[in-house]
Amino acid sequence: MLLDVLGAAQDLGRVQDLTALLVRYGFGDLARRLGLGRALENAGRLLHWSEAEELARLEPPQRIRRLLEDMGPSFVKLGQILATRIDLLPQDYIDELAKLQDQAPPIAFDALRLQLEEDLGAPVEEVFDEVDPTPIGAASISQVHLARLKTGARVVLKIRRPGVKKVVESDLRLLKRLAEIAESRIEELRRYRPVEIAAQFSRSMRRELDLAAECRSAERVAESFANDPDIVVPTVYWRWTSERLNVQQFIDGIPGRDLAAVDANGLDRKLLARRGGAAVLKMVFEDGFFHADPHQGNVFFLPENRVAFIDFGMVGRLSEARRRELVDLFQGFVERNPDRVVDILMQWTRRDVLDEEALTIDVDALIDSVHSVPLKSVNLPQLINDLVALLREHNLALPADLTLLTKAFVSLEGMGRQLDPDFDVMATAAPFLKNLVLARYSPKALARRGRQGLGDMIEVMSGLPADLRKLVKQAQTSNLKLRLDIEKLDEVGDKIERGAARLALALVTAALILGSSIAMTASGGRLPVDVSYFAMFGFMFAVLGGVWIILSIWRGR
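Residues numbered from 1 in each chain as written. Predicted model: local features only at pLDDT ≥ 70, side-chain atom pairs only at ≥ 80, totals over all residues. Heavy atoms only, no water.

Participant: Outline the overall build of the protein, supporting the account with residue identities and numerical values.
Facilitator: Tallying secondary structure elements over the protein gives 25 helices and 11 strands in all. Burial analysis of the protein (557 residues in total) assigns 43% to the buried set. Of the contacts made within the protein by residues no fewer than 6 positions apart, 68% connect residues no fewer than 24 positions apart. (Helix = DSSP H or I, 4+ residues; strand = E, 2+ residues; numbered from the N terminus. Buried < 20%, exposed > 50% of the residue type's maximum accessible area, 1.4 Å probe, protein only. Contact = heavy atoms within 4.5 Å.)

Participant: Describe the sheet that holds strand S9 (residues 299-302), with residues and values.
Facilitator: Judged by pairing direction, the sheet is mixed, and its four strands sit side by side in the order S5-S10-S9-S7 without closing on themselves. The open sheet has two free edges, formed respectively by strand S5 (231-232) and strand S7 (254-255), since each of these has just one partner strand. Relative to S9, S7 runs antiparallel, the two being bridged by two bridges. Counterpart to Pro-255 in the pairing with S9 is Phe-300. Those strands touched by helix H16 (residues 269-287) are S5, S9 and strand S10 (306-309), and its axis lies near 45° from that of S10. (Pairing = 2+ DSSP bridges. Axes fitted to C-alpha atoms, helices over the stretch in contact; angles between N-to-C directions.)

Participant: So, the packing of helix H6 (residues 60-71) against helix H7 (residues 73-82): which residues are in play, and what are the values?
Facilitator: Between H6 and H7, the least distance of the axes is 5 Å, while the angle of their chain directions is 145°. Along its contact with H6, which presents Leu-68, Glu-69 and Met-71, the element H7 presents Phe-75, Val-76 and Gly-79.

Participant: Mind laying out a positive patch on the surface, listing which residues take part and the relevant values?
Facilitator: A cluster of basic residues, Arg-203, Arg-207, Arg-220 and Arg-317, forms a positive patch on the protein surface. Among the structural elements, Arg-207 can be located in helix H13 (residues 194-209). (Patch = residues over 30% accessible without salt bridge, like charges linked within 9 Å, V, L, I, M, F, W, Y side chains within 5 Å. Areas by Shrake-Rupley, 256 points an atom, 1.4 Å probe, with all protein chains shown as cover. Salt bridge = Lys/Arg side-chain N within 4 Å of Asp/Glu carboxyl O. Lys, Arg positive; Asp, Glu negative; His and termini not counted. Charge placed at Lys NZ, Arg CZ, Asp CG, Glu CD.)

Participant: Let's hear about the packing of aromatic side chains: which residues, and what values?
Facilitator: Taken as a whole, this structure holds one aromatic pair when the rule is applied. With a centroid separation of 6.3 Å and 35° between ring planes, the pair formed by Phe-285 and Phe-409 is classed as tilted. Note that Phe-285 is positioned in helix H16 and Phe-409 in helix H21 (residues 400-419), a separation of 124 residues in sequence. What makes Phe-409 buried here is its relative accessible area of 11%. Directly above the aromatic system of Phe-225 lies the positively charged group of Lys-282, at a separation of 5.0 Å from the ring centroid. (Phe/Tyr/Trp six-rings, centres within 6.5 Å; stacked < 30°, edge-to-face > 60°. Lys NZ or Arg CZ within 6 Å of the ring centre and 35° of its normal.)

Participant: Quick one: what's the story with unusual backbone geometry, residue by residue and with numbers?
Facilitator: Unusually for a residue other than glycine, Glu-304 sits at a positive phi of about 65°. The phi dihedral of Asn-305 is positive, around 60°, even though this residue is not glycine. Tracing the sequence through the fold places Asn-305 in the loop between S9 and S10.

Participant: Could you give me a rundown of the side chain of Ser-142, with the residues and numbers involved?
Facilitator: With respect to the secondary-structure elements, Ser-142 resides in strand S3 (residues 142-149). The class for Ser-142 is buried, based on a relative accessible area of 9%. When sequence neighbours within four positions are dropped, the list of residues in contact with Ser-142 reads Lys-158, Ile-159, Arg-160 and Arg-161.

Participant: For the packing of H16 against H21, give the residues involved together with the corresponding values.
Facilitator: Direction vectors running N to C along H16 and H21 enclose 170°, while the axes themselves pass 9 Å from each other. In terms of axis orientation, H16 runs roughly antiparallel to H21. Between H16 and H21, the contacting residues are Arg-269, Leu-272, Ala-273, Gly-276, Gly-277, Val-280, Leu-281, Val-284 and Phe-285 on the first element and Leu-405, Phe-409, Leu-412, Gly-416, Gln-418 and Leu-419 on the second. Residues belonging to the contact of H16 with H21 are distributed by class as follows: 10 nonpolar, four polar and one charged. (Parallel < 35°, antiparallel > 145°, perpendicular 65-115°, else oblique. Nonpolar A, V, L, I, M, F, W, Y, C, P; charged D, E, K, R; others polar.)

Participant: Give me the lowdown on a negative patch on the surface, citing residues and values where you can.
Facilitator: On the surface, a cluster of negative charge is contributed by Asp-339, Asp-343, Asp-355, Glu-356, Glu-357 and Asp-364. Elements with a contribution of two residues or more to the negative patch: helix H18 (338-349) and helix H19 (356-371). Per-element tally for the negative patch: the top contributor is H19, with three residues. Residue position: Asp-355 is located in the loop between H18 and H19. Judged by relative accessible area, which is 39%, Asp-355 ranks as partly exposed.

Participant: Account for the environment of Ile-367, with residues named and values stated.
Facilitator: Residue position: Ile-367 is located in helix H19. Note: C-alpha distance between Ile-367 and Val-334 (33 residues apart in sequence) is 8.3 Å. Apart from residues no more than four positions distant in its own chain, Ile-367 is found in contact with Gly-332, Phe-333, Arg-336, Asn-337, Pro-338 and Val-341.

Participant: Residue-level account of the nonpolar core, with values.
Facilitator: Within the largest apolar cluster, 92 residues are counted, with the highest numbers of intra-cluster contacts made by Phe-285, Phe-290, Phe-301, Phe-309, Trp-348, Val-363 and Leu-405. Dropping the residues within four chain positions of it, Leu-405 is found in contact with Val-284, Phe-290, Leu-318 and Leu-326. Of all hydrophobic cores here, the second largest spans 17 residues; its members include Val-127, Val-131, Ala-147 and Leu-245. (Core = buried A, V, L, I, M, F, W, Y, C linked by side-chain atoms within 4.5 Å.)

Participant: Before we move on, could you go through the environment of His-394 and cite the residues and values that matter?
Facilitator: Structurally, His-394 is set in the loop between helix H20 (380-393) and H21. We classify His-394 as buried; its relative accessible area is 12%. With 32 residues separating them in the primary sequence, His-394 and Asp-362 have C-alpha atoms 10.0 Å apart. Setting aside residues no more than four positions away along its own chain, His-394 makes contact with Asp-355, Ala-358, Leu-359 and Asp-362. Among the polar contacts listed, one links the side chain of His-394 to the side chain of Asp-362, at a separation of 2.8 Å. (Polar contact = N/O pair within 3.5 Å; in protein donor to acceptor, adjacent residues only side chain to side chain.)

Participant: Go over the pattern of salt bridges, please, and point to the residues and values.
Facilitator: Per the stated rule, a full pass over the model turns up 27 salt bridges. Put simply, Glu-214 and Lys-158 hold a salt bridge, and the shortest N to O gap is 2.9 Å. One end of the pair, Glu-214, is in helix H14 (residues 211-224); the other, Lys-158, is in strand S4 (residues 154-160), and 56 residues separate them in sequence. Both residues of the pair, Glu-214 and Lys-158, belong to the buried class. The closest approach of N and O atoms between Glu-169 and Arg-206, which form a salt bridge, is 3.0 Å. Taken together, the residues Glu-169 in helix H11 (residues 164-185) and Arg-206 in helix H13 connect sequence positions 37 residues apart. Several salt bridges share partner residues, and in doing so they unite Arg-65, Glu-69, Glu-96 and Lys-99 into one network.

Next up, the structure:
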């Protein structure tokens, strides 16, 4: 059972706390179906029934948000990941989960000093002229302080909280096991791909634990804009940056949400929107590596209408093949070709469609709704929402890299429209898409793909005789093996194994009863003392074995 596995990992207390919260928010049945029955017995001590009436009045999205907040920082971050999965959850859940804020009480700087000096390799005073002990931000993973180097440069210190890695790893073990159980036992949760979401979340959390990973992402973007003076990315100070410490340039600019300051400083809103939008689209379509959360809090405006991007903790990646698929999808809409769009969607979802004809009809209707509209008038966020709603209706889901892309587009649209109500993502994206199409069918690209295809064909053909010879030899020597992986077969095998164990213990119990009875009744019950003890112990073990069998069968239902 789940608790046996997690108990061995010293997570039992955490399981009981989380189970109590599930019951408190009305998800007790879910906890039972996840195999947390025994934890439910100990959950009463953590429940606050005085709040039951208030919680009962909450809508389901609100209850889930409150539940994740009470479960702790790891689950808050899980909710933030789910808020990007617009292909899986309805919009009211997405809107509610988007309210989750990763905030935590600050830690006194003196409590961070020892770890900070270990990472710096020197006393704080030898590296910095000053460090502000009051943090400018405190999250569950790290805490941010302002400082000044000996050179006079102002920097930002992002310091990982001591001991947080152990807590996060414990939560990730728990989530992985719960996701596996949910996907195998709860049919209505299977379409949400809990194992895939847990894996995506684990990768995201482990990247966030490594503060140097954010710096590597920032440098990769900075290299892409090295010749563009209008786009600024903070400089990384690698001399002092490590897994637990991130030291970057302090960006002294106007926060993206402070539009009054933008106007007061005489900046051009329309130009800022165009430059910021073009920068994000360049990352997406040209570089295949992009800032996945370009909202107002992660963007600063500088003099001369320059745009600075910070916080590269959430980045997306698009392979060249994926970018070609985006072009195909776009061309399918332009050319009114629903079959082409459906083919791309099925490649992305990697699963069979229950009714492909119905999906094609729905896609055709979606294309009709935008085909007669001029490109500049297309509402990209609405188009994305309509497309993912269609996928949800057909029990399909997007790959993780594309969910981050949709989040980036929606964030970009929101930021651009705040700066400039006439901002048009589609018009800004059109030149990039056109360049992708031209690059895809350029003589150089066609020649490269032709060489690759020819090389693959030659490699396959040259290896074919050896592969056939090996296959024939295996067949001749009876070493040819056929392996079939049947879904759920492992689970069936486990059940058979448990049943066989119970049956074996039942046979041993029966044998002890018979042997002890024969020993006790032999010679009228007058037996040597040693033999009598043997018979008595046999009865005792038989009783224990019988009780264990009954309990095992009852627990296994």
